[in-house]
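Chain by chain, the residues:
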Amino acid sequence: MPSIEAVNLSKKYGSFAAVSNLSLKIEGAKCVGFLGPNGAGKTTTLKMFTDLVRPSSGEALINGVNVHTQKKLALESVGTLIEMPEIYPALTPREALMMIAEIRGVPKGARNDRIEEAVSEVRMEEWIDKRVGKFSKGMKQRICVASALLSDPCIILFDEPTMGLDPRGMSEVRDIIKSLKNKKRLIFMSSHLLSEVSDVCDEVAMIDHGKLVIYDTLSNVTAKVSGGENIVEVGLRNPVDAGLMNKIAAKIPGIDKAEKSDGTTFRIRFTGGVDVQERILADLVRMNIGIVSYRQASSALEEAYLSLITSTL
Amino acid sequence: MTETENSYGNKVPSSLAQVGITMKYTLLDYVRSRRFFILLTIAVLISAILTVVVGYYRPAVFLTSPLSFYSGWWGNIAIYVIVLSGVFFGGDAISGEFQNKTGYFGIPNPIRRSSIYIGKWLSALIASTVILGVFAAITVGNGLYYFPSVPSEFGLSLLFAWFYLVAVLGFTFFFSSLFKSSSMSILVTLILFLFAFNIIQLFVANFAQTEPWFLLTYGAQIIGNILTVPYPPPSSVTSFGPGGNGPTFTTFNATVPEGLAIIGLYFIITTFLGLVLFERKEFT
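## Looking at the overall build of chain B
Then comes step 1: Of regular secondary structure, chain B possesses twelve helices and four strands.
Then comes step 2: The principal-axis extents of the C-alpha atoms in chain B amount to approximately 85 × 45 × 30 Å.
Then comes step 3: Here chain B holds 284 residues, and the buried ones make up 44% of them.
Then comes step 4: Once local pairs closer than 6 in sequence are excluded, the contacts in chain B between residues at least 24 apart make up 76%.

## Some thoughts on the overall build of chain A
Then comes step 1: If you tally the helices and strands in chain A, you get eleven helices and 14 strands.
Then comes step 2: Whereas a compact globule of 313 residues would reach a radius of gyration of roughly 20 Å, chain A reaches 21 Å, a difference of no more than 12%.
Then comes step 3: Referenced to the eigenvectors of the C-alpha coordinate spread, the extents of chain A come out at roughly 65 × 50 × 35 Å.
Then comes step 4: Per-residue burial over chain A gives 46% buried out of 313 residues.
Then comes step 5: When contacts within chain A are restricted to residue pairs at least 6 apart in sequence, those whose partners lie at least 24 apart make up 70%.

## Quick notes on the sheet that holds strand β9 (residues 203–208) of chain A
Residues and elements named next belong to chain A.
Then comes step 1: The strand order across the open sheet built from six strands is β6-β7-β8-β3-β9-β10, with neighbouring strands paired in mixed fashion. The sheet is open, and its two borders are formed by β6 (78–81) and β10 (211–217), each paired with just one other strand. Averaged over all adjacent pairs, the angle separating strand axes in this sheet is 15°, with direction ignored.
Then comes step 2: Two strands pair when backbone bridges link them, and β6 and strand β7 (residues 155–159) are joined in this way by four bridges, in the parallel orientation. Each bridged residue has a counterpart across the sheet, and for Leu81 the counterpart in β7 is Phe158.
Then comes step 3: Strand contacts of helix α6 (residues 167–182): β3 (30–35), β7 and β8 (186–190), with the helix running at about 150° to β8, the strand carrying the most contacts.

## Concerning the interface of chain A and chain B
Then comes step 1: Contact residues are listed per partner, giving 36 residues for chain A and 30 residues for chain B.
Then comes step 2: A per-element tally of the side of chain A that touches chain B places helix α3 (residues 93–103) of chain A first, with five residues.

## Examining the packing of helix α8 (residues 218–225) of chain A against helix α11 (residues 298–308) of chain A
All names here are of chain A.
Then comes step 1: Running from N to C, α8 and α11 point in directions that differ by 60°, and their axes come no closer than 9 Å. The angle between α8 and α11 places the two elements in the oblique class. For the element pair α8 and α11, the recorded crossing hand is left-handed. Of the residues in α11, those in contact with Leu218, Val221, Thr222 and Val225 of α8 are Ala300, Leu301, Glu303, Ala304, Ser307 and Leu308.
Then comes step 2: Residues belonging to the contact of α8 with α11 are distributed by class as follows: seven nonpolar, two polar and one charged.

## Quick notes on the domain arrangement of chain A
Much of the literature gives interface size as the accessible area that the parts lose upon coming together.
Residue and element names in this part refer to chain A.
Then comes step 1: Domain annotation of chain A identifies domain 1 (3–217) and domain 2 (220–308).
Then comes step 2: Relative to domain 2, the C-alpha centre of domain 1 lies at a distance of 32 Å.
Then comes step 3: If you look at the interface, domain 1 gives eleven residues, while domain 2 gives ten residues.
Then comes step 4: Only α7 (194–200), β9 and β10 provide two or more residues apiece to the side of domain 1 that touches domain 2.

## Description of the sheet that holds strand β11 (residues 229–236) of chain A
All names here are of chain A.
Then comes step 1: In spatial order, the strands read β12-β13-β11-β14; together these four strands make up an open sheet with antiparallel pairing. Where the open sheet ends on each side, the last strands, each with one partner, are β12 (255–262) and β14 (291–296). Shown here is a sheet whose adjacent strand axes are inclined to one another by a mean of 25°, direction ignored.
Then comes step 2: Taken together, the seven bridges between β11 and strand β13 (residues 265–271) define a ladder with antiparallel strand orientation. The partner of Glu233 across the bridge, within β13, is Arg267.
Then comes step 3: Against the sheet, helix α9 (residues 242–251) touches β12 and β13, its axis set at about 160° to β12.

## Some details on helix α2 (residues 34–57) of chain B
All names here are of chain B.
Then comes step 1: With 24 residues, α2 extends 34 Å from end C-alpha to end C-alpha; this agrees with the ideal 34 Å at 1.5 Å per step.
Then comes step 2: Three or more residues of α2 are buried, namely Phe36, Leu39, Ala43, Ser47 and Leu50.
Then comes step 3: Here the buried face of α2 lies against α1 (15–32), α4 (66–90) and α7 (113–146).
Then comes step 4: Positive phi appears at Arg58, one or two residues downstream of α2, with a value of about 45°.

## So, unusual backbone geometry
Then comes step 1: A cis geometry characterises the amide bond from B:Val229 onward to B:Pro230, with omega recorded as 0°.
Then comes step 2: With respect to the helices and strands, the residue B:Pro230 is situated in the loop between α11 (222–225) and β3 (235–239).
Then comes step 3: One non-glycine residue with positive phi stands out, namely A:Asn8, at about 45°.
Then comes step 4: Along the chain, the position of A:Asn8 falls in strand β1 (residues 3–13).
Then comes step 5: We classify A:Asn8 as exposed; it has 12 C-beta atoms within 10 Å.
Then comes step 6: Non-glycine residue B:Arg58 carries a positive phi angle of around 45°.
Then comes step 7: Mapped onto the elements of the fold, B:Arg58 is located in the loop between α2 and α3 (60–63).
Then comes step 8: A tally of 10 C-beta atoms within 10 Å means that B:Arg58 is categorised as exposed.

## Concerning the pairing of β10(A)
All names here are of chain A.
Then comes step 1: Here β9 runs beside β10; their pairing, made up of six bridges, is antiparallel. Paired with Met206 across the two strands is Ile214, which belongs to β10.
Then comes step 2: A loop of two residues connects β9 with β10, the two strands running antiparallel in sequence, and His209 in this loop sits at a positive phi of about 50°.

## Side note on the nonpolar core
Then comes step 1: The biggest cluster of nonpolar side chains holds 164 residues, and the ones touching the most others in it are A:Ile187, B:Ile82 and B:Tyr164.
Then comes step 2: When we break this core down by domain, the ones giving at least three residues each are domain 1 (3–217) and domain 2 (220–308) of chain A.
Then comes step 3: Those residues in contact with A:Ile187 that lie beyond four places of it in its chain are A:Cys31, A:Val32, A:Ile156, A:Phe158, A:Ile177, A:Leu180 and A:Lys181.

## Quick word on the pairing of β9(A)
Residue and element names in this part refer to chain A.
Then comes step 1: The element β9 is largely enclosed, with a buried count of six among its six residues.
Then comes step 2: Of the two faces of β9, the one holding Glu203, Ala205 and Ile207 and the one holding Val204, Met206 and Asp208 are both buried throughout.
Then comes step 3: Where β3 meets β9, four bridges bridge the pair, whose relative direction is parallel. Along β9, the bridge assignment pairs Phe34 with Ala205.

## Points about the environment of B:Ala167
Residues and elements named next belong to chain B.
Then comes step 1: Mapped onto the fold, Ala167 is located in helix α8 (residues 152–178).
Then comes step 2: Classification of Ala167 by C-beta neighbours within 10 Å gives buried; the count is 24.
Then comes step 3: Through-space distance from the C-alpha of Ala167 to that of Ser239 is 34 Å; in sequence the pair is 72 residues apart.
Then comes step 4: Beyond its immediate stretch of four places on either side in the chain, Ala167 contacts Leu216, Ile263, Tyr266 and Phe267.

Each value, and the rule that gives it
Residues numbered from 1 in each chain as written. Chains lettered and ligands numbered in written order. Predicted model: local features only at pLDDT ≥ 70, side-chain atom pairs only at ≥ 80, totals over all residues. Helix = DSSP H or I, 4+ residues; strand = E, 2+ residues; numbered from the N terminus. Buried ≥ 20, exposed ≤ 12 C-beta atoms within 10 Å, placed from the backbone. Contact = placed C-beta atoms within 7 Å. Rg over C-alpha atoms; globule rule 2.2 N^0.38 Å. Pairing = 2+ DSSP bridges. Axes fitted to C-alpha atoms, helices over the stretch in contact; angles between N-to-C directions. Parallel < 35°, antiparallel > 145°, perpendicular 65-115°, else oblique. Left-handed = near helix turned anticlockwise from the far one by under 90°. Nonpolar A, V, L, I, M, F, W, Y, C, P; charged D, E, K, R; others polar. Domains from an automatic or database assignment. Expected span 1.5 Å × (residues − 1). Core = buried A, V, L, I, M, F, W, Y, C linked by C-beta atoms within 7 Å.

Printed below as a string of structure tokens:
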């Protein structure tokens, strides 16, 4: 089972503690969002997991292997995208990715196929043989995403993977992350976009002033902050009317409130965790009201975030 | 140095093989980028100017003997071609990884930093050797026009020049590891090689009457001195003024073993320090 673990991980720059005694263990196939304000220590933590920064104390372990002392072994099954890397400008994506494929030991016969597959996943097929020096930031970011996926790693570490991308690019990267979840990968990603985290992540870890504030499932985090109350957003095929809201609140047990959000969506507030959330979904489906989407409300995570993270550096 | 296979069928190559991979792609980047052709143009341009000047003015200092030709042409200019190569290919080799953020692409992979460092160093050495080789070929071409054979001392000088290139690259990579700014590492290296070392050598020899054995440029004198017969004495004093009673000017000359030792030590020490710095440097 893939795992990443921070054991009393700390990083100090002089007297400033960027990360302070962080202990966090994530294992299994899932997507975990890493949240926190600017300067909270998210990127520094990810850098310690990728040999870009040395820990002042503690250990960063990947699959039980210390990244600092056994880097090659620790990172052999890890794909990374930290900050916005630059690629040697005179190389083409095919060449730059071939370099990574060779370094990561992708079998020779599979390299070209893997490169074309990864480039196609980030929709850069047309640019595969053009020099990177002429690319925009977003295009380079897509190639870097492709580089992270190239060796089919079991663990993926992303630092704000949609940063610098246009809305379509952001959506495509989110789709890639969702598809990786289906492939049973462990994804650990930092992001400032709470809606993005709500959309793709199963769990969230929040960090503030270098310290872990909370690590739990998305629904438990939002439930804890709202005194056990959770919010889901339901999308319908047809417009929502007030009568339907009353009917739902009356018919389905456990719902505290059902309220219309906009034309075809409404929100349900309920008390409980994922079990209750699942039962409500089953009840709604039985009502045959034309559900097209059902997900944790991003604003619920925002409320939790604002409640837990009280200040921004 | 062994390769490891993970559960996904990828076999991470040995560190030695990864040195070769880094070297291959860095070299490709050098050859594709303008810097290689700019330096090649500079080397060809210098050669062209010398060809015209020597061909037109026929200076006696160049054309007295084969050795004087190679001493005047190669012995005086090769060190500048080497320093420029070091600066062009080594100046930002490591600092650029930080400043341009290319390090974020390569380092978070299952590869030792030392493999990246050595791979980049080797590619710089190959690219610089090509430039030096082109300059040497043009030198020999001109030499053969005026004299029927190439003196054996030129072969030794060429070898010493290549050793010096190795040390210069060790030195430039060290400075490149020291600074995070590419322009700073390039500027400092250029100032040291073109001005500072020569000024220090002048002052140490004349005011402290001490042999400047601690300077790389002093060791590099063997490149030109080997083309002088007889080989210059270890030290000589020239007096100026009426009756030789004026100020004196002391010249020290590194012997061949001394020069090779200085060049070798500079290479070993600066390469080791550069590697240690790169291993410890953080991408903050």
